[in-house]
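# Close look at the chain arrangement
Each chain, written out:
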Amino acid sequence: MSSMTISRRTNAVKGMITVPGDKSISHRSIMLAALSNGTSTINNFLTGEDCLTTISAFQAMGIHIIQNDSEITVHGKGLYGLEESSQPINLGNSGTTTRLLLGILAGTPHHYCLYGDESLSVRPMDRVTIPLSKMGATFDGNQQGRLLPMSVRGGEVQPIEYTLPINSAQIKSSILLAGLFTTGVTKVVEPVPTRDHTERMLTAFGVDIGREGNTISLRGQQQLEATDIEVPGDISSAAFFICAAALKADSDLVVKDVGLNPTRTGIIDVLKRMGATIETRITRYIGDEPIGDVTVQGGPLNGITISGADIPRVIDEIPIIALLASQAEGKTLIKDAEDLRYKETDRIQAVVDILHSMGVDIIGTEDGLIINGKPSTLKGGEYHSYKDHRIGMMIAIASLLTDEEITLQEPDCISISYPSFFAHFDQILED
Ligand code: S3P
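The model shown is predicted, which means the values in this text are computed figures rather than measured ones. (Residues numbered from 1 in each chain as written. Predicted model: local features only at pLDDT ≥ 70, side-chain atom pairs only at ≥ 80, totals over all residues. Heavy atoms only, no water.)

### Regarding the side chain of Arg99
Take Arg99: it is sitting in helix 3 (residues 95-106). Within the buried set, Arg99 has no salt-bridge partner at all; the shortest N-O distance to an opposite charge, 6.3 Å, is to Asp339. Sequence-distant contacts of Arg99, defined by excluding residues within four places in its chain, comprise Arg123, Pro124, Met125, Arg127, Val128, Gln170 and Ser174. (Helix = DSSP H or I, 4+ residues; strand = E, 2+ residues; numbered from the N terminus. Buried < 20%, exposed > 50% of the residue type's maximum accessible area, 1.4 Å probe, protein only. Lys, Arg positive; Asp, Glu negative; His and termini not counted. Salt bridge = Lys/Arg side-chain N within 4 Å of Asp/Glu carboxyl O. Contact = heavy atoms within 4.5 Å.)

Here it is as C-alpha cells:
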C-alpha cells in the first residue's frame with residue numbers, strides 16, 4: 001500500500017493559480033463529440049484518470065480519438081456510429097462515464113459488457129437502468145441488474161417523461177442522451193436544479209433542447225454537428241484551495257479561468273454565508289459556459305445550515321466544507337445529502353471517521369453531518385484516503401491545521417480528478 005507524508009503548516013495561502021479542466025464537462029465533450037458528425041477539438045481537457053477512462057471506452061467502440069496532452073481530437077461518427085466491442089469495456093472508477101454511457105448504449109443497437117473497479121462495482125446503477133429500461137433497453141448485471149459487471153442490449157428506444165427521484169445530473173443526462181435516439185420528445189423533470197452541462201453542451205453541438213420551469217425537453221433524432229470546445233477550470237478542484245485560503249487568516253488567493261456555471265457555484269455561496277471574503281468575476285463565456293476568476297481571503301468563519309436545493313450545487317464539495325466547518329465558530333448542519341453514501345466511497349462515514357480522529361466534534365446522520373466547530377489545531381497521524389480522490393484531497397488540506405505530520409495512505413487516487421494537486425498546493429503556500 002502506498003503512502004506519503006504531508007506537512008504543510010503555513011500562515012497563508014497566496015498567489016494565483018489555474019486548476020485543470022472540469023471533470024463533468026470533459027466527460028461530456030468526448031461523448032457528444034463521438035456522437036456528432038465531423039471532427040471536434042477539445043482544449044484544456046482534464047487528463048485525470050476518470051476522463052481518460054471515457055476516452056478509452058469510446059476508442060473501444062471504434063471512435064478515433066487522438067490525445068496530445070490536454071488537447072483532444074475526436075473524429076465523430078454520428079448518432080449510430082458506435083461499433084460493438086469484442087472485449088468487455090473497463091470503466092475504472094468512473095460513475096459519470098458509466099451512467100452517461102448507459103444512456104447512450106440504451107439507444108445503440110448493439111450488445112456491450114461493462115465492468116469497473118471495486119468501488120464502481122458497488123455503486124448503484126439501477127437509478128439509470130430503471131428509466132432506461134422503461135425506454136426499451138435491456139440490462140442485466142450483478143444483484144438483479146443493480147450493479148456492474150453489467151450487460152446492455154440497446155436498440156429502438158421510446159421517449160419517456162420522467163421525474164428524477166434523486167437530485168442527480170447523472171440520471172438526467174443519461175435519460176437525455178438516450179432521448180437523442182428516440183423518435184419523439186423525452187422530458188425530464190428535476191424537482192431541484194442539478195448541474196446542466198449536458199444541456200448546455202448539447203446546444204453547443206447544435207441540438208435544440210428546451211427548458212420550461214423544471215422540465216427539460218429534447219426531441220430525438222437531431223443530428224449533432226462537430227464543434228470545438230474549451231473546458232473551463234474545475235470549480236470542484238479549485239474548491240480545495242479556495243477553502244484552504246479561507247482557513248488561513250493572512251491568505252489572498254486568486255483562481256483564474258474557472259467554470260462559474262451557477263449550478264456549480266454553491267461552494268462560493270456557502271463560503272459567503274460562513275463569513276468568508278470571496279468574490280467572483282465572470283470574464284467570458286465558452287460556448288454556453290461562464291468562466292472567470294475567484295478571489296478569496298482568509299478570516300473568521302461561522303457555522304451554517306446546508307440543505308435542500310443547496311445540496312446538488314455542493315455535492316462534490318461536502319468533504320472540504322466539513323473540514324472548513326470544523327474551524328468555523330458554532331454548529332454546521334448538513335442534511336438532505338444521503339446520496340453522499342453512494343459516491344466513490346460512503347463520504348458521510350469517511351468524513352466522520354477521519355475528522356473525528358483528527359479531534360473534530362462531528363457526527364454523521366443518515367443524510368448528512370453535524371459539526372460543532374471552533375478554530376483549533378487538528379491531530380496529525382495516519383489517515384486513509386478510502387481510495388476516494390476528494391477524501392484524499394480533504395486530508396491533504398487538513399495538514400494546514402496540524403502541528404504533526406499527516407501520513408496519507410493511498411494518495412494515488414487523487415489523480416482521478418487532479419493529477420497536479422500537490423504541485424499546485426506547493427505553489428500557493430507561503431513559507
Ligand atoms: C456529476 C454529477 C454528480 C457529481 C459527479 C459528477 C456529473 O453526481 O457528484 O461527481 O458529471 O454529472 P450526481 O449527479 O449523481 O449527484
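Next comes the rest of the account.
### Observations regarding the domain arrangement of the protein
For the protein, the domain assignment lists domain 1 (3-21 + 233-427) and domain 2 (23-217). Distance between the C-alpha centres of domain 1 and domain 2: 28 Å. On the side of domain 2, 26 residues touch domain 1, which itself brings 26 residues to the contact. Buried surface at the junction of domain 1 and domain 2, both sides included, amounts to about 2200 Å², of which 47% is carbon and sulfur. Our count for the domain 1 to domain 2 interface comes out at three salt bridges. Summed over the shared surface of domain 1 and domain 2, the result is 13 residue pairs in polar contact (both at pLDDT 80 or more). For the side of domain 1 that touches domain 2, the class distribution of residues is nine nonpolar, seven polar and ten charged. (Domains from an automatic or database assignment. Buried area = accessible area lost by both parts, 1.4 Å probe. Polar contact = N/O pair within 3.5 Å; in protein donor to acceptor, adjacent residues only side chain to side chain. Nonpolar A, V, L, I, M, F, W, Y, C, P; charged D, E, K, R; others polar.)

### Remarks on the pairing of strand 11 (residues 185-189)
Here strand 10 (residues 161-163) pairs with strand 11 via three bridges, running parallel. Within strand 11, the position partnered with Glu161 by the bridge is Lys187. A crossover connection joins strand 10 to the parallel strand 11 through helix 6 (residues 169-179); in handedness this β-α-β unit is right-handed. Pairing analysis gives five bridges linking strand 11 to strand 13 (residues 215-219), with the strands arranged antiparallel. Looking at the pairing, Val188 lines up with Ile216 of strand 13. (Pairing = 2+ DSSP bridges. Right-handed = clockwise from strand over helix to strand, strands pointing away.)

### Quick notes on the nonpolar core
Ranked by size, the top nonpolar core spans 76 residues in total, and within it Leu323, Leu369, Ile397 and Phe421 carry the most contacts. Here the element with the most residues in this core is helix 8 (residues 235-247); it accounts for eleven residues. Beyond its immediate sequence surroundings of up to four residues, Phe421 is in contact with Phe240, Phe241, Met393, Ala396, Ile397 and Ile414. Residues Leu46, Phe58, Ile65 and Leu177 belong to the second largest nonpolar core, which totals 63 residues. (Core = buried A, V, L, I, M, F, W, Y, C linked by side-chain atoms within 4.5 Å.)

### Description of the pairing of strand 13
The sheet contact formed by strand 12 (residues 209-212) and strand 13 spans four bridges and is antiparallel. The residue bridging Glu212 from the neighbouring strand is Thr215, located in strand 13. Hairpin connection between strand 12 and strand 13: a loop of two residues separates the two successive antiparallel strands, and Gly213 in this loop has a positive phi of roughly 60°.

### Focus: the UniProt feature "binding site: phosphoenolpyruvate" (unreviewed entry) in the protein
Cross-referencing UniProt, the feature "binding site: phosphoenolpyruvate" (unreviewed entry) maps to Lys23, Gly95, Arg123, Gln170, Arg347 and Arg390 in the present numbering. In this fold, Gly95 is placed in helix 3. Exposure remark for Gly95: the relative accessible area of 4% places this residue in the buried category. Not counting residues up to four positions away in its chain, the partners in contact with Gly95 are Leu120, Arg123 and Gln170. One can find Arg390 in helix 13 (residues 389-398). In contact with Arg390, other than residues within four places in its own chain, are Lys23, Ser236, Phe240, Asp316, Pro319, Arg347 and Ser417. (UniProt positions renumbered as here; feature names shortened; annotations may be inferred.)

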